[in-house]
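The lines below spell out each chain.
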Amino acid sequence: MTKHTELSDSESFLWQYINDHITDIPKLSIVRLSELANVSTATVVRTMKKKGFEGYTAFKHTLKSANQDELLSMDIADSEIKKAINKNKIEVLNTIANLNSDVIEDTIQTIQNARRIFIFARGFSVWIANEMAIKFQLLDKYSELHDDPNIIKIRSERIKKEDLVIFISLGGETEELVVAAENCQKNGVHTITLTTNEHSRLAALSDTLFTGHKSSQTYIPEYEVHSRLPLLIISRIIIDAYVIRTSSNKGSAK
């Protein structure tokens, strides 16, 4: 199963603490962070390395580049709007930081070898899935998008081993997607999941996992309309990487 290096319980707790206090982190020393999160400094270092950073200082540097205090060049007086812009920037930077080059390369190969690609998504994630499906079709790769819960369940039972299924789900707990993933696992179908919840049921059932960074803040809290920006970034990187690799392969074959 191709996944990022798994975090221990204490490391997962620390990473969640960091995400919940992301705007405070650039101001905290590693000692102070360890005190606030009630973990050791060694846990902080291990977590940073597992997340692809050289260390805590490198992680803070990434955050500082996106910090609202450094958005002074923008002609925006409203501090709340600056915070909203900063939130999106942090989502993008942290999502990219979560990416693993080996996982991307394996994904490209899996896509190349797949006879057909099926993309399953629900809600606002369907917009991302639709863009992905259309781009695969433009690249002469057979793809189908399904967002109807009944069709997703039934279709997933009939997909063959030589096919590939891509799930796009913010929380990774949508029931029909979980059922579809169980069907795929039972039938030996390779699955790729784009989500922001690496501890979800869907993530646990997937062969390849891409985890984006979701901000805990939403401006419409009464509805489940959290930003899908992290999933959009991942989907576009996958498509772009696929195009680059397939184009270079065609060129070398001439």
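None of these values were measured; they are calculated from a predicted model.

1. Looking at the overall build of the protein chain
A tally of regular secondary structure across the protein chain gives 11 helices and 5 strands. Sorting the 254 residues of the protein chain into buried and exposed places 45% on the buried side. Relative to all contacts within the protein chain whose residues are 6 or more apart in sequence, the contacts with residues 24 or more apart total 73%. Summing over all exposed atoms, the protein chain offers an accessible surface of approximately 12900 Å²; the carbon and sulfur share of this is 51%.

2. Some points on the environment of Ala58
Note that Ala58 resides in helix 4 (residues 56-65). For Ala58, a relative accessible area of 27% puts it in the partly exposed group. On a C-alpha basis, the gap between Ala58 and Met48 in space is 8.7 Å, while along the polypeptide they are 10 residues apart.

3. Points about the packing of helix 1 (residues 9-20) against helix 3 (residues 41-50)
Closest axis-to-axis distance for the helix 1/helix 3 pair is 10 Å, and the angle between their directions is 80 degrees. Compared by their axis directions, helix 1 and helix 3 come out roughly perpendicular. The residues of helix 3 that touch helix 1, namely those facing Ser10, Glu11, Leu14, Trp15 and Ile18, are Thr43, Val44, Arg46, Thr47, Met48 and Lys50. Grouping the amino acids of the contact of helix 1 with helix 3 by side-chain chemistry returns 5 nonpolar, 3 polar and 3 charged.

4. Comments concerning unusual backbone geometry
One non-glycine residue, Asn38, lies in the positive phi region at around 60 degrees. According to the relative accessible area criterion, Asn38 is exposed, its value standing at 70%. At Asp140, a position not held by glycine, the phi torsion is positive, near 65 degrees. You can call Asp140 exposed: its relative accessible area is 74%.

5. Side note on the layout of surface pockets
Here the largest pocket is characterised by a volume of approximately 360 Å³. At 5 residues, the largest contribution of residues to the lining of the largest pocket is made by helix 1. For the lining of the largest pocket, the residue count by class is 3 nonpolar, 13 polar and 4 charged.

6. Digging into the nonpolar core
Residues Ile119, Phe136, Ile166, Ile168, Leu194 and Phe210 are the most contacted members of the largest nonpolar core, which totals 28 residues. Contributions of two or more residues to this core are made by helix 6 (101-113), strand 1 (117-121), helix 7 (125-138), strand 3 (164-168), strand 4 (190-195) and helix 11 (229-253). With residues up to four places along the chain from it excluded, the contact list for Ile168 reads Ile119, Phe120, Ala121, Arg122, Ser125, Ile128, Ala129, Met132, Leu177, Leu194 and Leu231. Ranked by size, the runner-up nonpolar core spans 19 residues in total, among them Leu7, Leu14, Ile18 and Ile25.

What counts and how
- Residues numbered from 1 in each chain as written.
- Predicted model: local features only at pLDDT ≥ 70, side-chain atom pairs only at ≥ 80, totals over all residues.
- Heavy atoms only, no water.
- Helix = DSSP H or I, 4+ residues; strand = E, 2+ residues; numbered from the N terminus.
- Buried < 20%, exposed > 50% of the residue type's maximum accessible area, 1.4 Å probe, protein only.
- Contact = heavy atoms within 4.5 Å.
- Areas by Shrake-Rupley, 256 points an atom, 1.4 Å probe, with all protein chains shown as cover.
- Axes fitted to C-alpha atoms, helices over the stretch in contact; angles between N-to-C directions.
- Parallel < 35°, antiparallel > 145°, perpendicular 65-115°, else oblique.
- Nonpolar A, V, L, I, M, F, W, Y, C, P; charged D, E, K, R; others polar.
- 1 Å grid on protein atoms, 1.4 Å probe; cavity = no way out; pocket = protein on both sides within 12 Å on 5 of 7 lines; lining within 4 Å.
- Points joined across faces, edges and corners; volume = space filled by probe spheres on them.
- Core = buried A, V, L, I, M, F, W, Y, C linked by side-chain atoms within 4.5 Å.

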